[in-house]
Each structure stands twice: as C-alpha cells, then as structure tokens.
Amino acid sequence: MSGPALLGLSALLGLGAAAQLCLSRQLRMQGDYVLGGLFPLGSAEDAGLGDRTQPNGTVCTRFSSLGLLWALAVKMAVEEINRGSALLPGLRLGYDFFDTCSEPVVAMKPSLMFMARAGSHHIAAYCDYAQYQPRVLAVIGPHSSELALVTGKLFGFFLMPQVSYGASMDRLSDEEAFPSFFRTVPSDRVQVTAVVELLRALGWDWVAAVGSDDEYGRQGLSLFSSLASAQGICIAHEGLVPLPGAAGLRLGAVQELLRQVNQSSVQVVVLFSSPGAARTLLSHSIRHGLSPKVWVASEAWLTSDLVMTLPGMAQVGTVLGFLQRGAPMPDFPSYVQTRLALAADPAFCAFLDTEQPGLEEHVAGPRCPQCDHISLDDVSTGLLHHQTFAAYAAAYGVAQALHNTLPCNASGCPTREPVRPWQLLEKMYNMSFRARSMALRFDTSGNMDSGYDLKLWVWRHPRPELRTVGSFTGRLQLRPSQMRWHTPRNAKPVSQCSRQCVEGQVRHVKGFHSCCYDCVDCKAGSYQRSPDDLLCTPCGQDQWSPDRSLRCLPRRPKFLAWGEPAVLLLLALLGLALCLVLLALGLFARHQESPVVRAAGGPRACFGLACLGLVCLSALLYPGRPSPASCLAQQPLLHLPLTGCLSTLALQAAEIFVESELPPSWAERLRGRLQGPRAWLAVLLAVLVEAALCAWYLWAFPPKVVTDWQVLPTEALVHCHARSWAGFALVHSANAALASLCFLGTFLVHSRPGRRHGARSLTFASLAYFITWVSFVPLFANVHVAYQPAVQMGASLLCALGILATFHLPKCYLLLRQPGSNAPVLFLGGGPGDARGRGSNRGAEGTEQKPATCDPVASPQ
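These numbers were taken from a predicted model, which means no experiment stands behind them. The residue count restarts for each chain, going from 1 along the sequence in the order it is written. Local features are withheld for residues below a pLDDT of 70 in this predicted model, meaning they are given only at 70 or higher, and side-chain atom pairs are given and counted only at 80 or more; totals for whole chains, interfaces and linings count all residues. Water and hydrogen atoms were dropped before computing side-chain values, which therefore reflect all heavy atoms in the structure.

A.B. asks: Is there a simple way to explain the state of the cysteines in this structure?
C.D. replies: Every disulfide links exactly two cysteines, by a covalent bond between their sulfur atoms. Here, the term disulfide refers to a pair of cysteine sulfur atoms separated by no more than 2.5 Å. In total, this model carries eight disulfides according to the counting rule given. In this model C22 forms its disulfide with C349; the gap between the sulfur atoms is 2.0 Å. Judged by the sign of its S-S torsion, about -80°, the cystine formed by C22 and C349 is left-handed. Here C22 is found in the loop between helix 1 (2-15) and strand 1 (28-29), whereas its partner C349 is found in helix 12 (residues 346-355), with 327 residues between them in sequence. Accessible area is worked out with a 1.4 Å probe on protein chains only. A residue is then buried under 20% of its type maximum, exposed over 50%, and partly exposed in between. Judged by relative accessible area, which is 9%, C349 ranks as buried. With its sulfur 1.9 Å from that of its partner, C497 forms a disulfide with C516. Taking the torsion about the S-S bond as the criterion, the C497 to C516 disulfide, at about 105°, is right-handed. Placement of C497 in the loop between strand 18 (476-478) and strand 19 (505-509) and of C516 in the loop between strand 19 and strand 20 (517-521) is noted, with a sequence separation of 19 residues between them. We classify C497 as partly exposed; its relative accessible area is 28%. In this description a helix means any DSSP run of H or I spanning at least four residues, a strand means any run of E spanning at least two, and both kinds are numbered starting from the N terminus.

The structure is reproduced here in structure tokens:
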C-alpha cells in the first residue's frame, strides 16, 4: 500500500482543499466483533440547537481536527490488532464511528444505534437483556465528561462497556451510577490533587478559582475547593464562567469577577473549564486589561486551539497545567498522511464502496461530511495531541478484555463465539494490558492513572509550544530551571495574602480566610511544631522552651545546691557558729567551777551549748538534692536540740525570778527544786514533749519530696513539701512556750545591788529567738519557693547565733577579758547564806578566800 499512499498523498497536496475525499467512508469497517465510536468530528455552534421545536436531525458543519485524529488513532489500533497475533489471532475487529458534535443531543442518536439489535436498527423492550446482542461489543468515547454523563447512564443500563479517552470528571467513578464506564485518562481528582501540590510547592496560598458553568467546570471547581482548603490554600475569589452564547447578565458577572481579581493581591488563577468558557473568560480579561497573572489550566483547555489562537493571549501572563502522560506515537503522523492520501485516491474510494456497502446515513445522518473537504494543513497541528494515545489505548483495552473472555490460545481464538457486552465487562475491572509497550491498568472504579506531565506555555509566534517543566506520579517533581515567568527578571510570582511567618511564630487568622493572618510569637513554654500551625503547642511538664522556639528542651532538676553563693555564705556562717559554740563549750568546761559558769547553770549551760551546736549542724540537711529521709529529719533535728537549749534557759530564768521576785522563805523552798536531778528531769520532760509533737507531725503530715514543674521557667524544682502549716506551727509551739517563759521570768526582774544574775542576757536570748522566728514567717511566705530551704537554714543558724551571742558569749568575754569580774559576790551572793542558798559550800569558801576588794564595783556603796 505504500505505492498508492504516496500517489494519493501527492494528489492531495496538489489538489488542496478543493479535492473531494472519501475519508468519511473510512469511519466504518465490518468485523467479527464491532467497536462503536463517539468522536467530536464537528461542532454544533451554528446548528441552532437552542431553537429546536422538533426532535429532528442535526447537521454539524464546523470541522474538529482533533476528533478526526482521535478516530484515526482508534482505527490505527484496530488495524494493528487485526494484523497481530497476540491478542485476537484469527479474529477481525470492526468499528463504527459517529460524530457527536460535542453535544449530548447529537450523541444520543448514535448511542441508540449502538444498542440496536445486531443486524437491525431497533431496540426492543425485554424483561431480561442477558441474552441481548447489540450491534457493537463496546463503545469508545465520548471525549467529554458532559457527554459521558448522558451516554454513561444509557450504556450502564445495558452494561455495555464504554471506554472514554477524555472524560475525566470524578463523578464518573461512581460504580453504582456508571457501572460500565471506563476511561484511559486519570480522574479529575488526580489532576486537582496535582494542581494543589503545585500551588503548595510554589508557595501560592492565595488564589482565584474559576470554573465553566457546566458539569465539568462545576464539579472540578467543587473538588478543587475542598482539596485546596484541606491543604491550607485559600480561595480569594470564586466564580463560574458561562458557556458561549450566554446572556449579557451572566457576562456581567464575569466582568465583576475579573475586576475583583485585578484589584486584589491574587496573582494566580486556577481555571477549571471547557475550552469555550475558557476562551470567553480570557477574551474578557484581555479586553478589560487584566494585569498578567499565572493561569493554572485544566487539561480540557491547556492544549485547545480555541484558546491558543485567541488574539492577545501572549499578554495574559504565564499559562501552565497538567497533561496526561502517554507513550510516544512517532508513526501516527505518517499513518494520518497515508489515510488522507488513500482518501484522495479514486481507486481506493471505489474499493471502499464495494467493501462497505452503505453507511446507514439515512438512519444516523452523515457521519462526517466536512471530513471529505480537508487538507493536511487542517490536521497537522494536532498530530501529536496528548489524548491521541488515550484513544489508541482504549481500543487495546477492549481487545484485551475480549482476549480474556474468549478461550484464546497461541493457535487462535474461536471465530464468531457469541460474546455479550456484559461478559466483557466482567473481565475489564482490575485488568492490565499493554499499548505501545506501556503497561496500563483499569482499577476497581474503571479509572487509569498513567501520571501527568506539567506543561508550560512558551510562546513561539503565532502559537505557544508546550514545555515539560515537571511531572506528577503521586508525587510532584518540578524543574525550576525550566520555568519561564511573565515577571521582570523571571522572578517567581508571589500570591499570598500575608507574609510568611518566621521560625517560632504561628498564624493568627484574621477574617474568614486562613491565609490572611498575623504572625504571633510562641511564648516561653510553647513552641511551633510545624510551619502551618495556627496555635503554639505547649511543652510537656518536664520540658521548657524560650520565646519563638521550634522545640522543647528537657528541664534540669533544681534544688539548693552546695556550690551556690547563698549556701556558701550560710556554710561560712555555720562554721563561725560552730567555732563559737566549741570555743564557749571549751571555756565553760575549763572554768566549770567558776562563779560565771555556775551562775549560768553549770552543766546545764554546757548541755545548752551542745544543743546549740546540734541546731547548727541541722542546717546541713537543707543543701543538696532532697530525699525522703532528709525531708523527715529536718524539723525533728532542728527542734529537739533547740528545745534542750531553751529548756536550760527557762530553768535559769526561773531561778532568777524565784530569787529576785519571791519572798526569801518561798525562794529558799523553790530554789532546791530548780537545781539538781529535778532540773534535768524538767529538761528531759521538755524534750519528750517536743519529741511527741515531732512524732505526731511526721505521722499526720509527713513532708515529702515533690517536683514542681511550674514555678521555675527552665528547671524542675525538687523540694520538701510541708503538707500542713498548722502542724508546722505546732512543732514550734513548745519552743515558743519555753522562750516565752524565759522572757516573762526575766523581763521585769530587778537586779539586786552588787549582783549579776544574768536576767538581761536571758531576756535578750529569748528576744533573739522571737525576732528570728517571727521574721522567718513573712520572709518564708514571700520568698520564692526555690529559696525557702535557704531561709530555713539561715533562720536556724541565726537563732543559734542569737542565743549564743546574747547569753553565752558575754560570759566567755568575762572569762577571757575580765577575770576580775568572775567573783562569787557578783554571781553567787555576798554572804554565806547566799552561798549556801546556791547549794555550793565550795562557792562560799571561795568567797571567803577572796577579799571583797578584788572587784571595786562589787561592794555596794
């Protein structure tokens, strides 16, 4: 056939458009099994369908080159299958193609023809169509979702397999509504997902979304709105574009939409539209001077000549969109040339008349009268159209299903084995097949996902060429270096309502759009988990974060450490106190028989000093990490020795009060009870009472180690927690009572002339106790909880130092610096009776041995 083809091609090129072709007669071929075909061979724009008053025939005059090329692609596939031996050896596929004029009302007539009983033009009504044999085994087409919604219902009733090469509406995936619908293009849901991923990848979250006012545009716009909102993309303006021929009122809505887009900061317009509506919108944008934008095109109009040839399109901005991937078909242009050459060959046309008697145009009307008056130039621009492979693959899909249905083997298939369309349908779901060595597959919904290429319009006058700048196969991949923008210096356009927040900031939405927001810093204790966060995420209780943080940090335990400056100062104070206690204790032990020591209580004074040393040592329980044992031991080890010390002071105060304020007879009687074993019994009793209070406190309200996560910004405070302040005060009550007795017994006592009985030192010692612990209460209550252990440590040391400084150290001074004042007459009385009253003959003898003039101030004047 190569010779006639070349001859016919030469004739075609020589005769031009004036030559009469027989191309329309090539749209039908008989076979063992016949495939129906619905293609947009013409256009019904001038047919006046809106003025119809009767259901008469419609003639479409305007020629559509793409529809013809898609029909020739299916014809090419059928011829390859018939010549091959892999799918249907020994069988012959036929085809019967009709024009839809891109109108549902026109597509219905050939659809009814396909469903007519084989060998007739009639559709009979039956209760059961299981044995019904229609004229065709399956239908290829139609190309648009608008038509597929109509024909899909009809073919779905008969369970006639229908394979579309262009209807991408997601609604057609509904198996209940369209049980026999398949397609060799991805669903719009995949395309919209790719568009949303593109917007996110390029940082465009403030866009306008426009759709054509038909099923395809409305459904695509709705799908985009839902998926975009879920991904944080805001639609600033949304609207529908009327189809060509709409009333002026609806066109006014388009102008208002364009005005809003032009006045806003939107730089990206997503146009999900059919080619006619896209031309309407773009022509208005050119006419009204819309500033250049980025137009994200749907597959339906991205490659449409109707849009590409619109005057002024080069000024609308940047156009890009996704096109379905397909296998290359380099031999298709030569095949088309061959078909046109044969159509111009009279001998070949005569051969067709004998082989294909009658095209039944008296029933369905002319198949494509305008196809017989074309030239090669009329179809050259669409030879490499992306949907050509989809139409080609549809024929291979049906052939594979027929192969699976018939018991075919390497030697052949049984000829004329009756196959009903519904039997073919059973084999098509989840079916894999190959076309041009490309692996394809129908899924459970009849969809096919072959991936997309991202195409960019690059102008080469008079029309743009498509440049591949990315791909989408479930994951978006871009080629930024291939991008060409309409902006100065090829800068990527910015389409955002608000600036991007910096790290550590979240978006505080203002108004109705989540993309319009103020950037708010994440405060300390919270962090920004992801760039899309609207609220700062609080850190866990064991974590912290600074302002504007991206993560949380673990809290370090905080307690009164040994190395802190305050602790070091208190330890120095503790060392001073212990040194003074040991010094005083050593002096008292060395001079235990001296009047000063005996007047201070003798052994009881040494016991009191030892207790003060223990009070100082109890301060060592506060630094360091608290433990349950240290928390339980703090109060008992402070208060028990403090009780021992205060009890000795109280006994000393009682002696002074008895001696100074009571009559001599009473004083003589009571003095003996305040000395000797009975005095030690009183000290033991006081200590036992305090021990009982401490035991009750530890049993009823045991302090425990707690970790406070809130009081410190970056650390976790570990401290001993007092469960009852009332119990804490009750533990102090016994010591407070002893100090009160000491104060009351000495405050109003008058010293006898020539005597130093130490009343003033006891008064100041009790005042030192009260000043320390009364000051402790407000200080402890108001100081930060982290420093409360230091306050308790300091209070115990200051209390011990106060008692030591007011009662014991003055006597040490007398022993060291004024030994002359250490006279019995000053401390133990001036006569034998006094000495005896103190219970010490040794003291009286000492008095008699020393002259009264040893201390001039001792003798009263």
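A.B. asks: Can you help me understand the sheet that holds strand 27 (residues 715-721) in this one?
C.D. replies: Strand-to-strand pairing in sheets goes through backbone hydrogen bonds, with the strands running parallel or antiparallel. Taken together, the three strands give an open sheet; going across it, the order is 25-27-26, and neighbouring strands pair in mixed fashion. Strands with a single pairing partner mark the edges of an open sheet, and in this sheet they are strand 25 (556-558) and strand 26 (704-708). For this sheet, the mean angle separating the axes of adjacent strands, direction not counted, is 30°. The pairing of strand 26 with strand 27 spans five bridges and is antiparallel. At least two DSSP bridges between two strands are needed for those strands to be called paired. Fitted lines through C-alpha atoms serve as axes, helices being fitted only where they are in contact, and the angles separating the N-to-C directions of these axes extend from 0 to 180 degrees.

A.B. asks: What's the story with the sheet that holds strand 2 (residues 33-39) in this structure? I'm lost.
C.D. replies: Reading across from one edge, 1-5-2-6-7-8 is the order of the six strands in this open sheet, with mixed pairing throughout. In this open sheet, the two strands that pair with only one neighbour each are strand 1 and strand 8 (181-183). As judged from the two bridges shared by strand 1 and strand 5 (residues 93-99), these two strands associate in the antiparallel manner. Residue pairing for strand 5: R28 is matched across the bridge by D96. Residue contacts are counted whenever heavy atoms from the two residues lie within 4.5 Å of one another. On top of the sheet, helix 2 (residues 65-83) reaches strand 1, strand 2, strand 5 and strand 6 (138-140); it is set at about 175° to strand 5, its chief contact. On top of the sheet, helix 15 (residues 387-405) reaches strand 2, strand 5, strand 6 and strand 7 (162-164); it is set at about 165° to strand 6, its chief contact.

A.B. asks: Explanation requested: helix 22 (residues 677-700) in the structure shown.
C.D. replies: Structurally, the α-helix is built with 3.6 residues per turn, so residues lying three or four positions apart point the same way. Relative to the 34 Å expected for 24 residues at 1.5 Å per residue, helix 22 spans 34 Å between its end C-alpha atoms, a close match to the ideal helical length. Within helix 22, burial applies to A679, V683, A686, E690, L693, C694 and Y697. What a helix is expected to span follows from its residue count: subtract one and scale by 1.5 Å.

A.B. asks: Got a minute to help me understand the confidence of the model for the protein chain in this structure?
C.D. replies: Detailed conclusions should not be drawn from predicted coordinates in areas where pLDDT is low. Counting all residues, the mean pLDDT for the protein chain is 83, and 86% of those residues have values of 70 or more. Confidence scores here are pLDDT values: one per residue, from the predictor, ranging 0 to 100. Between residues 1-18, whose pLDDT stays under 50, and residues either more than four places distant or in other chains, the model counts 21 contacts. Low pLDDT (under 50) marks residues 830-861, which in the prediction has 33 contacts with non-local residues, meaning those over four places away or in another chain.

A.B. asks: Before we go on, may I ask you to explain the packing of helix 19 (residues 603-618) against helix 25 (residues 788-817) in this structure?
C.D. replies: What describes two packed helices is the angle between their axes and the distance between those same axes. Two elements in contact, helix 19 and helix 25, have axes separated by 9 Å at closest approach and are oriented at 155°. What the angle tells us is that helix 19 and helix 25 run roughly antiparallel. Classified by chirality, the crossing of helix 25 by helix 19 is left-handed. For the pair formed by helix 19 and helix 25, the contact residues are A605, L609, L612, V615 and C616 on the first element and S796, L797, A800, I803, L804 and H808 on the second. Amino acids outside the nonpolar list (Ala, Val, Leu, Ile, Met, Phe, Trp, Tyr, Cys, Pro) and the charged list (Asp, Glu, Lys, Arg) are all regarded as polar, and Gly is one of them. Residues that form the contact of helix 19 with helix 25 fall into these classes: nine nonpolar, two polar and no charged. Reported orientations rely on four angle classes, namely roughly parallel under 35 degrees, roughly antiparallel over 145, roughly perpendicular from 65 to 115, and oblique for the rest. It is the rotation of the near helix from the far one that decides the hand of a crossing: anticlockwise by less than a right angle makes it left-handed, clockwise makes it right-handed.

A.B. asks: It is not clear to me how the side chain of D453 should be interpreted in this structure. Could you clarify?
C.D. replies: Relative to the elements of secondary structure, D453 occurs in strand 16 (residues 452-460). Each polar contact in these results corresponds to two N or O atoms within 3.5 Å; when the atoms are within protein, one needs to be able to donate a hydrogen and the other to accept it, and residues that are neighboring in sequence are counted only if both atoms are side-chain atoms. There is a polar contact of 2.9 Å between the side chain of D453 and the side chain of R325.

A.B. asks: What's the story with the pattern of salt bridges in this structure? I'm lost.
C.D. replies: Two side chains carrying opposite charge are able to pair once their charged atoms lie near each other. For salt bridges, the criterion is a side-chain nitrogen of Lys or Arg within 4 Å of an Asp or Glu carboxyl oxygen. Inspection of every chain in the model, using the stated rule, returns 15 salt bridges. For K75, the salt bridge identified is with E79, shortest N-O distance 3.3 Å. Here E79 and K75 lie together in helix 2, a separation of four residues that amounts to about one turn. For K75, a relative accessible area of 5% puts it in the buried group. Take E79: its relative accessible area is 16%, and that puts it in the buried class. R436 serves as the salt-bridge partner of E80, at 3.1 Å between the closest nitrogen and oxygen. Taken as a pair, E80 in helix 2 and R436 in the loop between strand 14 (432-435) and strand 15 (438-441) lie far apart in primary sequence, 356 residues in all.

A.B. asks: What should I look at first to understand the packing of aromatic side chains in this one?
C.D. replies: For any two aromatic rings, the description comes down to two numbers: the centre-to-centre distance and the angle of the planes. Each pair of aromatic rings taken from Phe, Tyr and Trp, with Trp reduced to its six-membered ring, is defined by centres within 6.5 Å and is described as stacked if the planes are under 30 degrees apart, edge-to-face if over 60, and tilted in the remaining cases. Applying the stated rule across the entire model yields 32 aromatic pairs. Centre to centre, the rings of Y129 and Y132 are 5.3 Å apart; their planes meet at 80°, and the pair counts as edge-to-face. Note on W301 and W457: the rings are 6.2 Å apart at their centroids and 80° apart in plane angle, and the pair reads as edge-to-face. Taken as a pair, W301 in helix 9 (residues 299-302) and W457 in strand 16 lie far apart in primary sequence, 156 residues in all. Overall, the relative accessible area of 0% leaves W301 in the buried class. These aromatic residues form a ring-pair network of at least three members: F39, W70, Y95, F97 and Y165. Throughout this description, the term charge over a ring refers to an Arg CZ or Lys NZ atom that lies within 6 Å of the ring centre and within 35 degrees of the ring normal. Residue placement shows K153 over the ring face of F178; its charged tip is 5.0 Å from the ring centre. Directly above the ring of Y517 sits R507, whose terminal nitrogen or CZ lies 5.2 Å from the centroid.

A.B. asks: In this structure, what is going on with the nonpolar core? I would like to understand it.
C.D. replies: For soluble globular proteins, nonpolar side chains are generally found buried alongside one another. Buried residues of nine kinds, namely Ala, Val, Leu, Ile, Met, Phe, Trp, Tyr and Cys, make up a nonpolar core once their side-chain atoms join them within 4.5 Å. In this structure, F39, L93, F332, F389, Y392 and L402 are the most contacted members of the largest nonpolar core, which totals 78 residues. Excluding its chain neighbours within four sequence positions, the residues that come into contact with L402 are Y33, L88, L93, L137, V419 and L424. Within the second largest apolar cluster, 59 residues are counted, among which are L609, L649, A653 and I803.

A.B. asks: I tried to follow the pairing of strand 12 (residues 293-297) on my own but got confused; where do I start?
C.D. replies: The two faces of a sheet get side chains in turn, since along a regular strand they alternate between them. Burial analysis of strand 12 places five of its five residues in the buried class, which makes it a mostly covered element. Judged by which residues are buried, strand 12 turns out to be covered on both faces: K293, W295 and A297 on one side and V294 and V296 on the other are all buried. Of the crossover connections in this fold, the one passing from strand 11 (residues 268-272) over helix 8 (residues 275-287) to the parallel strand 12 is right-handed. In this sheet, strand 13 (residues 317-324) lies alongside strand 12 in parallel orientation, the contact comprising five bridges. In the sheet register, A297 faces strand 13, and the bridge partner there is G321. Look down the strands so they point away from you; if going from the first strand over the helix to the second traces a clockwise path, that crossover is right-handed.

A.B. asks: How should I be thinking about the side chain of D170 in this particular structure?
C.D. replies: For D170, the position within the fold is in the loop between strand 7 and strand 8. Aside from chain neighbours lying at most four places away, what touches D170 is R183, S187, D188, R189, Q219 and L223.

A.B. asks: Which parts of the structure should I look at to understand the environment of P161?
C.D. replies: In this fold, P161 is placed in the loop between helix 4 (145-158) and strand 7. Among the residues examined, P161 registers a relative accessible area of 0% and is labelled buried.

A.B. asks: So what exactly am I meant to see when it comes to a nonpolar patch on the surface here?
C.D. replies: A patch is a set of surface residues, each over 30% in relative accessible area and not in a salt bridge, joined within 9 Å for like charges and within 5 Å for the nonpolar side chains Val, Leu, Ile, Met, Phe, Trp and Tyr. Each accessible area is a Shrake-Rupley result for a 1.4 Å probe, and residues are judged covered by the shown protein chains and nothing else. On the surface, W562, L614, L617 and L620 cluster together to form a nonpolar patch covering roughly 370 Å² of accessible area. Tracing the backbone shows W562 in the loop between strand 25 and helix 17 (565-590).

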